[in-house]
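Structural overview
So you can see what is in the structure, the chains are spelled out below.
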Amino acid sequence: MEEASILSSKHDNYRIITLNRPQRLNSFNEAMHAALQEALDEASRDTNCRAILLTGAGRGFCAGQDLSDRNVSGGNRPDLGHTVGTFYNPLIKKIKSLPVPTVCAVNGVAAGAGANIALACDIVIAARSANFVQSFVKIALTPDSGGSWFLPRLTGAARARGLAMLAEPLSAEKAESWGLIWKAVDDTSMMPEAAKICAQLASGPTAALVEIRRTLEDSENNTLNVQLELERKMLAMLGAADDYAEGVKAFMEKRPATFAPRKAN
Ligand code: T3D
């Protein structure tokens, strides 16, 4: 029997989702897309799950689209607009709108859509031996899966152009120093560190964490005045919630806060 292309395991109050086609550097075929979407949906439905850790099996994180699935022989040309619209765009939108925070543990090379799926996660931590490659230009494509949006915002326009046009592998350490990811860590400490971060997020105030993601993202298109008003609305909403009261009480009582379990969506 063929091994599952996506593995999902429960750990206290978070889940680890593993891309599992190591023989092809965890590149995506349609079955893996469907399985990942289902694993994310299942984690979203499970109110015990308060954070998700995404990683890859084997020596790579993800090499983007499985190119052996693309028949370009003779005059045959696949409709990539269709596949991006059907699989990659919904995946990025789903990751960005998950009701829980996400951590990506980039265990090895992250290429093409694989790099940008990692960048869609809230906290990205990478093994020092990992690298990020915007490999699209090598097959005469432009970055997808949000790459053309993430890169200039994270690194600035000059570096975004260099990464996308030259497709040079960017080491984990450089990715950290360029502001693309949160942290590069020793290979052996990557999973323990990622799990520690995930556990911290999972015991945090889930609604506030998700709103942090949303408000920071909204700021990309807002003026300061619009953003100030958004902040006011956020604080009005979150200040009325029990987690805020618990946070303040815990501070005053000099103890760690115990935030409420997630509510069903
Ligand atoms: O098509 C659509 O629907 C549109 C959407 C597109 C989204 C995209 O992601 S487009 C970009 C697709 N990805 C790539 O172009 C990356 C291709 N891979 C590479 O450039 C290199 O493999 C890496 C830089 C990722 C890693 O290089 P290296 O030297 O560490 O490993 P390798 O030897 O190239 O690969 C190891 C094996 O994985 C190898 O198989 P083998 O020879 O051992 O049997 C290789 O063929 C396979 N592999 C790696 N990437 C892919 C792949 N097989 C199929 N598809 C891949 N993307």
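Please read these numbers as outputs of a predicted model, since none were measured by experiment. Per chain, the residues get numbers from 1 upward, laid out in the order the sequence is written. It should be noted that, the model being predicted, local features are given only for residues of pLDDT at least 70 and side-chain atom pairs only at 80 or more, the latter also being counted only at that level, while totals for whole chains, interfaces and linings use all residues. In computing side-chain values, all of the structure's heavy atoms are included and hydrogens and water are not.

The next thing to look at is empty space enclosed by the protein. Lining residues are those with an atom within 4 Å of a point, where the points come from a 1 Å grid over the protein atoms alone and group into cavities, where a 1.4 Å probe fits but cannot get out, or pockets, open sets with protein on both sides within 12 Å along at least five of seven lines. Grid points are joined across faces, edges and corners, and a volume is the space filled by probe spheres set on the points. All chains considered together, the criterion is met by 2 cavities of 30 Å³ or more. In this structure, the largest cavity occupies an estimated 50 Å³ of space. Lining the largest cavity, in full, are Leu36, Leu40, Ile52, Leu54, Ile95, Leu98, Thr102 and Cys121. Secondary structure elements are defined from DSSP: runs of H or I of at least 4 residues count as helices, runs of E of at least 2 residues count as strands, and each element is numbered from the N terminus. Counting only elements with at least two residues in the lining of the largest cavity, the list comes to helix H1 (30-45) and strand S3 (52-56). Residues are grouped as follows: Ala, Val, Leu, Ile, Met, Phe, Trp, Tyr, Cys and Pro are nonpolar; Asp, Glu, Lys and Arg are charged; all remaining types, including Gly, are polar. Looking at the lining of the largest cavity residue by residue, the classes come out as 7 nonpolar, 1 polar and no charged. Put simply, the second largest cavity is a space of about 40 Å³. For the second largest cavity, the full set of lining residues is Ala115, Leu119, Phe132, Val133, Gln134, Leu151, Leu163, Leu170 and Leu180. In the lining of the second largest cavity, the residues fall into 8 nonpolar, 1 polar and no charged.

Now for the site of the ligand. Nearness is judged by heavy atoms alone; a residue qualifies as near a molecule or strand once a single heavy atom is within 4 Å of it. Around the ligand, a shell composed of 23 residues is seen, among which Arg59, Gln65, Leu67, Arg70 and Thr83 lie nearest. With respect to the ligand, the backbone of Leu67 contributes an N or O atom lying 2.9 Å from a nitrogen atom. When isolated, the ligand has an accessible area of 1000 Å², and the protein chains bury 65% of it. Sorting the residues of the shell around the ligand by element identifies helix H2 (80-96) and strand S6 (109-111) as the ones contributing at least two each. Top contributing element to the shell around the ligand by residue count: H2, with 4 residues. Counted by class, the shell around the ligand contains 11 nonpolar, 7 polar and 5 charged residues. Polar contacts, as used here, are pairs of N or O atoms within 3.5 Å; protein pairs need one atom able to donate a hydrogen and one able to accept it. Residues neighboring in sequence count only if both atoms are side-chain atoms. Each accessible area value is a Shrake-Rupley result obtained with a 1.4 Å probe; residue values ignore everything except the protein chains displayed when judging cover.

Three- or four-residue spacings in an α-helix give side chains the same orientation, since the helix completes a turn every 3.6 residues. Buried means the residue's accessible area, taken with a 1.4 Å probe over protein chains only, is under 20% of the maximum for its type, while exposed means over 50%, and partly exposed covers the values in between. All buried positions along helix H4 (residues 147-155) are accounted for by Gly147, Phe150, Leu151 and Thr155. The arc that holds every buried residue of H4, seen down its axis, measures 95°, which confines them to one face. Count one or two residues on from H4 and you reach Gly156, which has phi positive near 95°. Regarding the arc, it is the one traced by the directions from the helix axis to the C-beta atoms.

To continue, consider the pairing of strand S1 (residues 6-11). Across 6 bridges, the pairing between S1 and strand S2 (residues 14-19) is antiparallel. Residue pairing across strands places Ile6 opposite Leu19, the latter belonging to S2. DSSP-based pairing: two strands are paired if at least 2 bridges between them are found. Where S1 folds back onto S2 in an antiparallel hairpin, the turn is made up of 2 residues, including Asp12, whose phi is positive at roughly 45°.

When the parts of a complex come together, some accessible area is lost, and that lost area is often used as the size of the interface. An automatic or database domain assignment supplies the residue ranges for each domain. As assigned here, the protein chain comprises domain 1 (6-202) and domain 2 (206-252). The C-alpha-based centres of domain 1 and domain 2 are spaced at 27 Å. Values labelled buried area give the accessible surface lost by two parts on being combined, using a 1.4 Å probe and summing over both. Buried surface at the junction of domain 1 and domain 2, summed over both partners, amounts to about 810 Å²; 47% is from carbon and sulfur atoms. What counts as a salt bridge is simple: a side-chain nitrogen of Lys or Arg found within 4 Å of a carboxyl oxygen of Asp or Glu. Where domain 1 touches domain 2, the interface holds 3 salt bridges. Where Arg213 meets Asp122, a salt bridge forms, and the shortest distance between an N and an O atom there is 2.9 Å. For the pair domain 1 and domain 2, the interface holds 7 residue pairs in polar contact (both at pLDDT 80 or more).

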